[in-house]
Amino acid sequence: MDAPAKGCDCLLIFPPLAKPCEPPAGIALLAGAIRRAGRRCRVLDANIEALSFLLAGTYTAEDTWSRRALRHVAENIQTLRSEQGYDNFPRYQRAVADINRVVELAGKQHGLTLQLSNYQDPTLSPLNSRDLLQAAQTPDNNIFFPYFSIRLKDLIAKEQPSLIGFSLNFLSQALTTFAMIGFVKKHFPALQVVVGGGLITSWLRNPGWTNPFAGLIDHLIAGKGEGPLLALLEQKTPAKDYIPDFQDLADNPYLAPGLILPYAASSGCYWNRCSFCPETAEKNPYTALPSDRVIEELTRLCTDYNPALIHFLDNGVSPALMPALADRPPGVPWYGFARADRQLANPAFCRHLKQSGCQMLKLGLESGDQSVLDAMDKGINLDRVSAVLSALHAAGIATYVYLLFGTPAESIAEARKTLDFTVNHCREITFLNLAIFNMPVCSLDAERLATNNFYTGDLSLYCDFVHPRQWNRKKIRRFLDREFKKHPAITPIIRRDPPLFTSNHAPFFT
């Protein structure tokens, strides 16, 4: 009997659990490079498939809310997948809460704390290499085992790949990723296993890294994976004339009113000096595509996939790309991170940007106190931030402002200045993200300050520290809960934030 025809050279997988609202960008770019080099691959978004599997399950409901959520799963999914679902914010909130409730019920039956973007196992930690290895040794204990045990067997039998790659970006994916790897190693021992992605990159770029996964994972890849992956396939990397390939992903039932197209015009950060930032601590290099190339790629992608929204994944859309987008619009609404630089303080430029389809810009302000900004080498001044917020608001571009509390230079006095700045600009701030500072383990500040571990695991990316001004996490939380969030000018901003999906769905409410 003849052997089955080989369907692909490699199988690329995005594992559960992450927000199920858009395709994974990393493996789409890998697929584009592999196919452009003349090799075959198959891309699997196991995250959206596994969540769909959970939502179709049968669970015990002991309260009215749970029974309602279970009755209306299909209806709520349709709400989040239709434009009309975003016309009524309370209806949207209820749909998200009910879908998440079903996921919580599924997790509860397995002793897990599970949400649409959160996976917590009280017995295993994604920050402990021994626990990850345990997850690989006992894959049948994973909540998604009934899904992936069948799906992977069928897909590998059909495609006959020589290599299987996992894109591990978030801690919420780690335990299931290792369970899937353990399953593959048990049933397909000859298959090479490669793992890359944002979380792997952070682990490998820690100066203290030693590999605890030798013998389980054949290859770990930090940073851009196209070259190393093609080298494993004994193929040279093509010149940069390949683009992300979403053909295996675009038709998945993502929870969004149309396809959100994730796209990165650069990697790393063009500023790359902020003391609090993992990009700086990990010394990730900055590389960017030429603006003309970006416009050409977006034109092709929008023609091929007809997205409802473009999501720029860059740490900051560059000052060179901004005017290119304004002059040659992609023809689809778009949003992404930006720095509060000089051109965004120009009202005429912001109007031009709005006409290009810019729906929302995410601004990493971090603090409303200039001394704190200077101490973290943020490279912005508050007068310019004020001008930027004013110009964007006047142009009709929504803002999603990120604030960071508890950096070493801050105390409650500076935090209250951030409160004052936010109140003074409340009409110009559409959405807010409030975060408490976590010290990257390999940052310069971690070397200067007394630190201790948040967790006992060996894979933590952050550490706790003794704040030089006694501005500890407990005090910060008290300030945020009792003062900041309760201010009458800020409470409405907090309330309009889309639950769970936050900035990923925020553009649909602008």
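Just so we're clear, the structure is a prediction, and the values are computed from it rather than from any experiment. (Residues numbered from 1 in each chain as written. Predicted model: local features only at pLDDT ≥ 70, side-chain atom pairs only at ≥ 80, totals over all residues. Heavy atoms only, no water.)

J.: Which residues make up a positive patch on the surface, and what values go with them?
T.: On the surface, K474, K475, R478, R482 and K486 cluster together into a positively charged patch. Position of R482 among the secondary structure elements: in helix α19 (residues 473–484). (Patch = residues over 30% accessible without salt bridge, like charges linked within 9 Å, V, L, I, M, F, W, Y side chains within 5 Å. Areas by Shrake-Rupley, 256 points an atom, 1.4 Å probe, with all protein chains shown as cover. Salt bridge = Lys/Arg side-chain N within 4 Å of Asp/Glu carboxyl O. Lys, Arg positive; Asp, Glu negative; His and termini not counted. Charge placed at Lys NZ, Arg CZ, Asp CG, Glu CD. Helix = DSSP H or I, 4+ residues; strand = E, 2+ residues; numbered from the N terminus.)

J.: Quick one: what's the story with the pattern of salt bridges, residue by residue and with numbers?
T.: Inspection of every chain in the model, using the stated rule, returns 19 salt bridges. Between D377 and R273 there is a salt bridge, with its nearest N and O atoms 3.3 Å apart. With D377 in the loop between α15 (370–375) and α16 (382–395) and R273 in the loop between β9 (266–267) and α11 (278–281), this residue pair connects regions lying 104 residues apart in the sequence. Residue class for R273 comes out partly exposed when judged on its relative accessible area of 43%. A salt bridge links E297 to R293, with the shortest nitrogen-to-oxygen separation between them at 3.0 Å. Here R293 and E297 lie together in helix α12 (residues 291–305), a separation of four residues that amounts to about one turn. (Buried < 20%, exposed > 50% of the residue type's maximum accessible area, 1.4 Å probe, protein only.)

J.: Residues and numbers for the pairing of strand β5 (residues 163–167), please.
T.: Among the five residues of β5, five are classified as buried, and the element is accordingly described as predominantly covered. Here β5 shows no split at all, with L163, G165 and S167 on one side and I164 and F166 on the other all buried. Bridge analysis of strand β1 (residues 10–14) against β5 gives four bridges, and the strand direction is parallel. Along β5, the bridge assignment pairs C10 with L163. For β5 and strand β6 (residues 192–196), the ladder comprises five bridges, and the chain directions are parallel. Directly across from G165, in β6, lies its bridge partner V194. Regarding topology, helix α8 (residues 171–187) serves as the crossover connection from β5 to the parallel β6, and that connection is right-handed. (Pairing = 2+ DSSP bridges. Right-handed = clockwise from strand over helix to strand, strands pointing away.)

J.: Hey, could you go over the nonpolar core for me, with residue numbers and the actual values?
T.: Counting 84 residues, the largest nonpolar core has F312, M322, W334, L344, L353, L361 and F484 as its most contacted members. Residue contributions to this core peak at seven residues, all from α16. Discounting residues that sit within four places of it in the chain, M322 has contacts with V317, W334, A338, Q343, L344, F349, L353 and L361. By size, the runner-up hydrophobic cluster in this structure holds 73 residues, among which are A46, L51, I200 and L461. (Core = buried A, V, L, I, M, F, W, Y, C linked by side-chain atoms within 4.5 Å. Contact = heavy atoms within 4.5 Å.)

J.: If you had to explain the pairing of strand β11 (residues 309–312) to someone new, which residues and values would you point to?
T.: Burial along β11 is two-sided: the face carrying L309 and H311 and the face carrying I310 and F312 are both buried. Examined bridge by bridge, strand β8 (residues 260–263) and β11 share four bridges and lie parallel to one another. Each bridged residue has a counterpart across the sheet, and for L261 the counterpart in β11 is I310. Relative to strand β12 (residues 334–338), β11 is paired through two bridges, and the arrangement is parallel. Bridge pairing links I310 to W334 in β12. For the crossover from β11 across helix α13 (residues 321–327) to β12, the handedness is right-handed.

J.: Can you lay out the packing of helix α4 (residues 73–80) against helix α5 (residues 89–108) for me, pointing to particular residues and giving the numbers?
T.: Look at α4 against α5: their axes get within 9 Å of each other, and the N-to-C directions meet at 130 degrees. Classified by the angle between their axes, α4 and α5 sit oblique to one another. Judged by the twist between their axes, the crossing of α4 over α5 is left-handed. Contact residues: V73, N76, I77, T79 and L80 in α4; R91, Y92, A95, V96, D98, I99 and V102 in α5. Split by residue class, the contact of α4 with α5 holds eight nonpolar, two polar and two charged. (Axes fitted to C-alpha atoms, helices over the stretch in contact; angles between N-to-C directions. Parallel < 35°, antiparallel > 145°, perpendicular 65-115°, else oblique. Left-handed = near helix turned anticlockwise from the far one by under 90°. Nonpolar A, V, L, I, M, F, W, Y, C, P; charged D, E, K, R; others polar.)

J.: For the environment of L114, give the residues involved together with the corresponding values.
T.: By the element assignment, L114 lies in strand β3 (residues 113–115). Separated by 293 residues in the primary sequence, L114 and T407 have C-alpha atoms spaced 30 Å apart. Excluding anything up to four places from it in sequence, L114 contacts L17, L54, V103, E104, G107, Y119 and I143.

Any functional reading would require information beyond the geometric quantities listed.
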